[in-house]
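# Examination of the molecular architecture
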Amino acid sequence: LEADLREAIAAERFALHWQPQHRLSDRRLMGFEALLRWHHPERGLVPPDEFIPLAEATGLIVPLGAWVIRAACAEAAGWPGDITAAVNLSPAQFRHPGLVATVAQALAASGLPPHRLELEVTESLLSRDLPATERLLGELRALGVGVAMDDFGTGWSSLAHLWRLPFTKLKIDRAFLRELPGDRRVQAIIGTVLGLGRTLDMTVVAEGVETEAQAAWLLAQGCAQGQGWLFGRPAPAERARALIAAELGMREGARSAA
Ligand code: C2E
Ligand code: MG
Ligand code: MG
């Protein structure tokens, strides 16, 4: 698989699928998350969970991740309006010294305004060298991009360090959503995360929103945004473009009606 992966990186046999993120209050389309897919000649479309760990362990994630950043910026630069693009960074990629330059170059080459790019990292970063993490997140923020804490609530060290770090967004892991709205204990945890987001001035996004009941509960609790099958599954770039066109048409319609 490692040899296959090397070859696929050289041949750029990857694609980004895009999953929409919506504001819960009025269901406005805010942006998309880029999710990597590998077009394998025999195995078809391979999901990231099956090759990211290998890419991470072998260091191949650095060139692969750089491709993702460039491809995501290039695609998003063609979107009209203020729609944002989120890109996942793995821990090895985050620790690699070339990251800030890679992001800066991808922004410059594509012309994407920095505030329309968001980088997602996971809690595992918080258990490592905290001053280095703080410095690097600061450098990325200085470029003007957003930084999101992904899968929040699944790691360990998060609360002790979160307040120090310049995150713009918190994404509640979808493991919590599975128990929503039924379980009162999970409701309490999500309520706490929402309070944290308000205090730390971070936008909270719920991941894995699958039902209207979940969306309604989250909205009532003050959660800003949702991402999940209720709003749309990850889909190829053409589909994302069609969703953006429909959304902007709807906004235009609403403006002319007013
Ligand atoms: P993630 O960043 O937390 O992405 C969300 C995952 O949840 C995606 O899985 C998405 O398809 C899935 N999902 C979204 N909504 C729902 C829902 O309503 N219900 C359920 N059951 N699942 C939902 P996917 O695409 O398989 O990606 C898995 C993980 O792989 C991502 O989790 C991310 O950590 C990683 N990944 C994806 N693309 C990249 C990449 O370009 N670079 C790196 N380093 N990691 C990536
Ligand atoms: Mg993510
Ligand atoms: Mg996530």
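Described below are features of the structure shown in this document. (Residues numbered from 1 in each chain as written. Chains lettered and ligands numbered in written order. Predicted model: local features only at pLDDT ≥ 70, side-chain atom pairs only at ≥ 80, totals over all residues. Heavy atoms only, no water.)

## Section: the pairing of strand 4 (residues 84-88)
For the record, the criterion: Note on exposure labels: buried denotes an accessible area under 20% of the residue type's maximum, exposed denotes more than 50%, and partly exposed covers the range between, all computed with a 1.4 Å probe on protein chains only. Numbering of helices and strands runs from the N terminus, with a helix taken as a DSSP run of H or I at least four residues long and a strand as a DSSP run of E at least two residues long. Criterion used throughout: strands pair if DSSP finds at least two bridges between them.
Summarising burial for strand 4: four of the five residues are buried, a large majority. As paired elements, strand 2 (residues 29-40) and strand 4 share four bridges and run parallel to each other. The residue of strand 4 that forms the bridge with Phe32 is Ala85. Two elements, strand 4 and strand 5 (residues 117-122), share four bridges in a ladder whose sense is parallel. When the sheet's bridge partners are listed, Ala86 is paired in strand 5 with Glu118.

## Re the coordination of the magnesium ion (ligand 3)
The cut-off we apply is this: Sites may look incomplete, because water is not among the atoms used; the donor set itself consists of N, O and S atoms within 2.8 Å of the metal (3.2 Å for Na, K and Ca).
Donor atoms from the polypeptide that bind the magnesium ion (ligand 3) are Asp150 (OD), Asp151 (OD), Glu207 (OE) and Glu207 (OE), placed at 2.0 to 2.4 Å. Look at where the donors of the magnesium ion (ligand 3) fall in the sequence and you get D-D-x55-E. In this structure, the magnesium ion (ligand 3) lies 3.9 Å away from the magnesium ion (ligand 2), the two metals sharing Asp150 as a donor. You can call Asp151 partly exposed: its relative accessible area is 25%.

## Section: the coordination of the magnesium ion (ligand 2)
Within the protein, the atoms that donate to the magnesium ion (ligand 2) are Glu33 (OE), Asn88 (OD1), Glu120 (OE) and Asp150 (OD), at distances of 2.0 to 2.2 Å. Within one chain, the residues donating to the magnesium ion (ligand 2) are spaced in sequence as E-x54-N-x31-E-x29-D. With a relative accessible area of 1%, Glu120 lands in the buried category.

## Observations regarding the site of ligand 1
Threshold: It suffices for a single heavy atom of a residue to lie within 4 Å of a molecule or strand for the residue to be listed as near it. Polar contact is the term for a pair of N or O atoms within 3.5 Å; when the atoms are in protein, one must be able to donate a hydrogen and the other to accept it, and sequence-neighboring residues count only if both atoms are side-chain atoms. Here the accessible surface of atoms and residues is derived via Shrake-Rupley with a 1.4 Å probe, and residues count as covered only by protein chains that are part of the display.
The full set close to ligand 1 counts 23 residues, and Arg37, Asp150, Arg174, Glu210 and Trp229 are the nearest of them. For ligand 1, an oxygen atom lies 2.6 Å from a polar atom in the side chain of Arg174. Side-chain polar atom of Glu210 to a nitrogen atom of ligand 1: 2.5 Å apart, as the coordinates give it. Out of a free accessible area of 810 Å², ligand 1 has 86% covered by protein chains.

## A few points about the packing of helix 5 (residues 99-110) against helix 6 (residues 130-143)
So the rule is basically this: Convention adopted: a line fitted to C-alpha atoms gives each axis, helices being fitted over their contacting stretch, and angles between N-to-C directions are expressed from 0 to 180 degrees. The cut-offs work like this: below 35 degrees is roughly parallel, past 145 is roughly antiparallel, 65 to 115 is roughly perpendicular, and the gaps in between are oblique. Should the near helix be turned counterclockwise from the far one by less than a right angle, the crossing is left-handed, whereas a clockwise turn marks it as right-handed. The contact rule is simple, with two residues in contact once any of their heavy atoms fall within 4.5 Å. The residue classification treats Ala, Val, Leu, Ile, Met, Phe, Trp, Tyr, Cys and Pro as nonpolar and Asp, Glu, Lys and Arg as charged. All others, Gly included, are polar.
Two elements in contact, helix 5 and helix 6, have axes separated by 10 Å at closest approach and are oriented at 15°. Considered as vectors, helix 5 and helix 6 are oriented roughly parallel to each other. Once helix 5 is placed against helix 6, the crossing between them reads as right-handed. Residues Leu99, Val100, Val103 and Ala104 of helix 5 touch helix 6, and the partners they reach there are Leu136, Glu139, Leu140 and Leu143. For the contact of helix 5 with helix 6, the residue count by class is seven nonpolar, no polar and one charged.

## What to know about the side chain of Lys169
Mapping Lys169 onto the fold places it in strand 7 (residues 169-172). One polar contact links Lys169 to Glu118, side chain to side chain, over a distance of 3.2 Å. The residues touching Lys169, leaving out its near neighbours within four places in the chain, are Gln21, Glu118, Val147, Ala148, Met149, Met202, Thr203, Val205 and Gln225.

## Section: the packing of aromatic side chains
Remark: the centre distance and the inter-plane angle together describe each pair of aromatic rings, the angle taken between the planes. What counts, and what does not: Stacked, tilted and edge-to-face are the three classes assigned to paired rings of Phe, Tyr and Trp, where Trp is represented by its six-membered ring and a pair needs centres within 6.5 Å; plane angles under 30 degrees give stacked, over 60 edge-to-face, the rest tilted.
Within the structure shown, the criterion is met by six aromatic pairs. Taken together, a centroid distance of 5.9 Å and an interplanar angle of 45° make the contact between Phe14 and Phe51 tilted. Remark: Phe51 occurs in the loop between strand 3 (44-46) and helix 2 (52-58) and Phe14 occurs in strand 1 (residues 14-23); sequence separation between them is 37 residues. In this structure Phe51 comes out as buried when scored by relative accessible area, which is 0%. When the centroid spacing of 5.3 Å and the interplanar angle of 50° are considered together, the rings of Phe32 and Trp79 count as tilted. A residue pair is termed long-range when its members are at least 10 positions apart, and Phe32 in strand 2 and Trp79 in the loop between helix 3 (61-77) and strand 4 qualify at 47 residues. For the pair shown, Phe32 and Trp79 are each scored as buried.

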